[in-house]
Amino acid sequence: MAVAKEKEMEEVWRRRRAWMMWSAGFMRFLLVAYAEWHDAHLEVPYTDIDYYVFSDAAALITQGKSPFDRATYRYTPLLALLLLPNSTFHRCWGKILFSLADLVVALLICKILKLRGVSERLCFICACTWLFNPFTFTVGTRGNCEALVCAMILWLLLCIMSGRILQAAFWFGVVVHVRIYPIIYVLPILVVLDRNYAKMIGIGSRDDDDHDSASSGMVYTLRSLLNRPRVMLGAISGSVFFTLCGLFYYIYGSQYLHEALLYHLTRSDHRHNFSIYFYSIYLNEAVELSVVQRLLAFVPQMSVQLVLVFFFARDLPFCLFLQTVAFVTFNKVITAQYFVWFFCLLPLILPFTSLKLRWRGAALISVWTAAQVHWLGWAYLLEFKGKNTFLPLWTASLVFFAANLLVLETIIQHYSFTPVFQQGMVADQRLKGTKGE
C-alpha cells in the first residue's frame with residue numbers, strides 16, 4: 001500500500017515537472033518577445049551587447065568574411081555558425097536557441113539527480129532553482145550563450161555517471177573549445193575514472209587486482225594511473241579540441257588564435273568587473289604588463305583549485321560546483337554572466353545539504369545578493385553619474401569577494417559528502433528530503 005502511494009506521488013510530481021517545463025518555456029518566449037518591444041521603445045536596451053556581437057559575426061560569415069572582423073568577437077566560430085539563422089531567418093533565433101538550452105539544462109539536472117536516487121519531488125524543486133532563477137532566464141533571453149555551455153557540461157557529467165566515456169570525452173573536447181574555463185574539471189574527472197570505474201563500465205583488466213608479483217611496482221602504478229578510461233578521455237577530448245582549433249586556424253589564421261584563445265589568458269578589463277583585481281587593472285591600464293605579470297593572477301586561482309580537487313573530487317558534482325565558484329571568485333575578470341556557470345551546478349548539490357531556504361540558506365542568499373547590490377550601487381555612480389568612486393568600488397569588490405568565500409565555506413560545512421560511485425555503481429541515496437537547519 002505504501003509502495004503504491006509512493007508511486008502515485010512520484011507520478012504527480014512528474015506531471016508537475018512537465019507543467020513546470022512548459023511554463024518556463026512560455027515565460028522565456030514572452031521575454032524574448034518583450035525584448036523586441038523594449039529595445040524599440042526604451043533607452044537602455046534589454047538585449048545584451050554580446051548578442052549584437054554574435055549576430056554581426058554570423059552576418060559576416062554569410063558574406064564570406066571572418067567573424068573576427070567584428071570588433072570584440074572573441075569566441076569560437078562555432079557560435080557564429082549556430083547563429084547564422086539570425087541573418088537568414090530572424091534576429092531572435094539565437095535567443096530562442098539559448099532559451100531552449102535553458103530548458104535542456106533543467107532536464108539534465110533532473111536526469112542526473114534521478115540517477116543518484118533523488119525523489120521526483122526534490123528533482124522538481126531543484127530544477128525550479130534553475131528555471132526560475134532571475135539570473136538564468138534573463139541571461140538567456142537577453143541573448144547570452146552561457147546556457148549552451150552549461151548544457152554541455154551537464155551532459156558531460158551525465159555521460160560520465162552513465163559510463164558513456166566516449167561521449168564524455170567528445171563533449172569535453174567541444175566544451176573546452178567553446179569556453180576555456182571547463183579545463184579546470186579535468187583533474188576531478190581523471191580522479192573519478194579510476195580502476196573501479198573501468199571495471200564498472202566493462203573495460204577493466206581482469207588481472208588488475210592480481211598483477212604479477214615479479215612485475216615492477218612502478219609499471220603497475222603506471223598501468224593503474226593510465227587506465228583505458230583516462231587514456232580515452234585524454235586522447236579523444238584532446239583530438240576533438242585540437243582538430244577544431246586547427247580547422248579554424250587553417251580558415252582564419254592567427255586572428256583566430258589571438259581573439260578566441262590567447263586573449264582570454266591575458267584578458268584585463270576594469271569595466272563591469274566584480275573582481276578584486278579590477279582597481280589594479282585600472283591603475284595599470286596605461287602600462288603594458290608582461291605576459292608573466294598577467295599570468296601571475298592565475299597562481300592563487302589554480303592553487304585553490306588543486307586543494308578543492310584533493311578533498312572533494314570523488315563527489316564529482318559537488319567538486320565541479322566548488323571549483324566553479326572558486327574559479328569565478330578568484331578570476332581577474334568577473335561579470336554577472338559568469339554566475340550562470342555555477343548556478344547550473346547548484347541544483348545538483350541541494351539534496352545533499354542541510355541548508356534550508358527559510359533559515360541559513362536565506363541568510364546566505366541575502367548576504368551574497370546584498371554584496372552584489374552594494375557593488376552595483378557604486379558602479380552606477382561611476383559609470384552613469386561620472387563620480388570618482390573607484391576606491392569605494394574596489395572596497396565593494398573586496399566585500400563581494402568575502403561574500404563568495406563565506407558562501408563556499410558555509411556550503412562545505414553543511415554538505416553531506418557523497419561519492420558519485422560506490423561499490424562499482426552510481427551511489428543511490430534514495431533521498432526523500434533534507435535535514436533542516
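Residues numbered from 1 in each chain as written. Predicted model: local features only at pLDDT ≥ 70, side-chain atom pairs only at ≥ 80, totals over all residues. Heavy atoms only, no water.

An unreviewed UniProt entry annotates the chain as GPI mannosyltransferase 1 of Riccia fluitans. Quoted straight from UniProt, the Sequence similarities (unreviewed entry) entry for the chain says "Belongs to the PIGM family." What UniProt records for the chain under Subcellular location (unreviewed entry) is the sentence "Endoplasmic reticulum membrane". (UniProt positions renumbered as here; feature names shortened; annotations may be inferred.)

Caption draft 1: Representation of helix α22 (residues 390-413). Counted at 1.5 Å a residue, the expected span for α22 with its 24 residues is 34 Å, and the 35 Å between its end C-alpha atoms agrees. Looking at α22, one finds that the buried residues are F390, L393, A396, S397, F400, F401, A403, N404, V407, L408, T410 and I411. (Helix = DSSP H or I, 4+ residues; strand = E, 2+ residues; numbered from the N terminus. Expected span 1.5 Å × (residues − 1). Buried < 20%, exposed > 50% of the residue type's maximum accessible area, 1.4 Å probe, protein only.)

Caption draft 2: Seen up close, the UniProt feature "transmembrane region" (unreviewed entry) in the chain. Residues given the UniProt feature "transmembrane region" (unreviewed entry) here are residues 145-163, 169-193, 231-252, 336-355, 362-381 and 393-412. The span residues 145-163 is 84% helical and 0% strand by assignment, and the distance between its end C-alpha atoms comes to 28 Å. Helix and strand shares over residues 169-193 are 68% and 0% respectively, and the end C-alpha atoms of the span are 12 Å apart.

Caption draft 3: Region of interest: the packing of aromatic side chains. The final tally for this structure, using the stated rule, is 36 aromatic pairs. For the pair F54 and F98, a centre-to-centre distance of 6.5 Å together with 80° between the ring planes defines the contact as edge-to-face. With F54 in helix α2 (residues 49-62) and F98 in helix α5 (residues 93-115), this pair connects stretches of sequence that are 44 residues apart. We note that F54, like F98, is buried. Stacked on the ring of Y51, the Lys or Arg K95 has its end atom at 5.4 Å from the ring centre. If you follow R116 out to its NZ or CZ, it ends over the ring of F352, 4.5 Å from the centre. (Phe/Tyr/Trp six-rings, centres within 6.5 Å; stacked < 30°, edge-to-face > 60°. Lys NZ or Arg CZ within 6 Å of the ring centre and 35° of its normal.)

Caption draft 4: Main features of the side chain of N86. The residue N86 is located in helix α4 (residues 85-88) in this model. A distance of 3.1 Å separates a polar atom in the side chain of N86 from a polar atom in the side chain of Y51. Here G94 takes part through its backbone nitrogen, which lies 3.0 Å from a polar atom of the side chain of N86. Ignoring anything within four residues of it in the chain, the contact list for N86 reads Y51, S55, R91, W93 and G94. (Polar contact = N/O pair within 3.5 Å; in protein donor to acceptor, adjacent residues only side chain to side chain. Contact = heavy atoms within 4.5 Å.)

Caption draft 5: How the structure looks around the pattern of salt bridges. Within the structure shown, the criterion is met by 10 salt bridges. Across the pair R142 and D48 runs a salt bridge, and its minimum N-O distance is 4.0 Å. With R142 in the loop between α7 (134-141) and α8 (146-161) and D48 in the loop between α1 (2-41) and α2, this residue pair connects regions lying 94 residues apart in the sequence. Overall, the relative accessible area of 29% leaves R142 in the partly exposed class. The shortest N-O distance in the salt bridge between E146 and R179 comes to 2.3 Å. Of this pair, E146 sits in helix α8 while R179 sits in the loop between α9 (165-178) and α10 (186-192), placing them 33 residues apart in sequence. Neither residue differs from the other here; E146 and R179 are each classed as buried. Via salt bridges that share partners, R17, K114 and E120 belong to a single interconnected network. (Salt bridge = Lys/Arg side-chain N within 4 Å of Asp/Glu carboxyl O.)

Caption draft 6: View of a nonpolar patch on the surface. Taken together, the side chains of F26, F29, L30, I96 and L100 make up a nonpolar region of the molecular surface, amounting to roughly 490 Å² of accessible area. Listed by contribution, the elements that provide at least two residues to the nonpolar patch are α1 and α5. Along the polypeptide, L100 turns up in helix α5. (Patch = residues over 30% accessible without salt bridge, like charges linked within 9 Å, V, L, I, M, F, W, Y side chains within 5 Å. Areas by Shrake-Rupley, 256 points an atom, 1.4 Å probe, with all protein chains shown as cover.)

Caption draft 7: View of the environment of I165. Inspection of the secondary structure assignment puts I165 in helix α9. You can call I165 buried: its relative accessible area is 5%. Put simply, I165 and P229 are 64 residues apart on the chain and 6.7 Å apart in space, counted from C-alpha to C-alpha. When neighbours within four sequence positions are excluded, I165 is seen to be in contact with L193, Y197, I201, P229 and M232.

Caption draft 8: Molecular detail of the packing of α5 against α8. Close contact between α5 and α8 brings their axes to 8 Å; oriented N to C, the two are set at 25°. Judged by the angle between their axes, α5 and α8 are roughly parallel. Handedness of the crossing formed by α5 with α8: left-handed. Touching F98, A101, D102, V104, V105, L108, I109, K111, I112 and L115 of α5 are A147, L148, C150, A151, L154, W155, L157, L158 and M161, all from α8. Per-class residue counts for the contact of α5 with α8 are 17 nonpolar, no polar and 2 charged. (Axes fitted to C-alpha atoms, helices over the stretch in contact; angles between N-to-C directions. Parallel < 35°, antiparallel > 145°, perpendicular 65-115°, else oblique. Left-handed = near helix turned anticlockwise from the far one by under 90°. Nonpolar A, V, L, I, M, F, W, Y, C, P; charged D, E, K, R; others polar.)

Caption draft 9: Spatial organisation of the state of the cysteines. In the structure shown here, the tally under the stated rule is 0 disulfides. Between C123, a free cysteine, and C110, which holds the nearest cysteine sulfur, the sulfur-to-sulfur gap is 5.2 Å. Its relative accessible area of 0% is what places C123 among the buried residues. (Disulfide = S-S within 2.5 Å.)

Caption draft 10: Here's a closer look at helix α17 (residues 298-312). Here α17 spans 21 Å end to end across 15 residues, near enough to the 21 Å set by a 1.5 Å rise per residue. Residues F298, Q301, Q305, L308, V309 and F312 constitute the buried set of α17. Considered in projection along α17, the buried side chains sweep an arc of 100° and stay on one side of the axis. Exposed residues lying more than 90 degrees from the buried face of α17 are L306, F310 and F311. (Arc of directions from axis to C-beta.)

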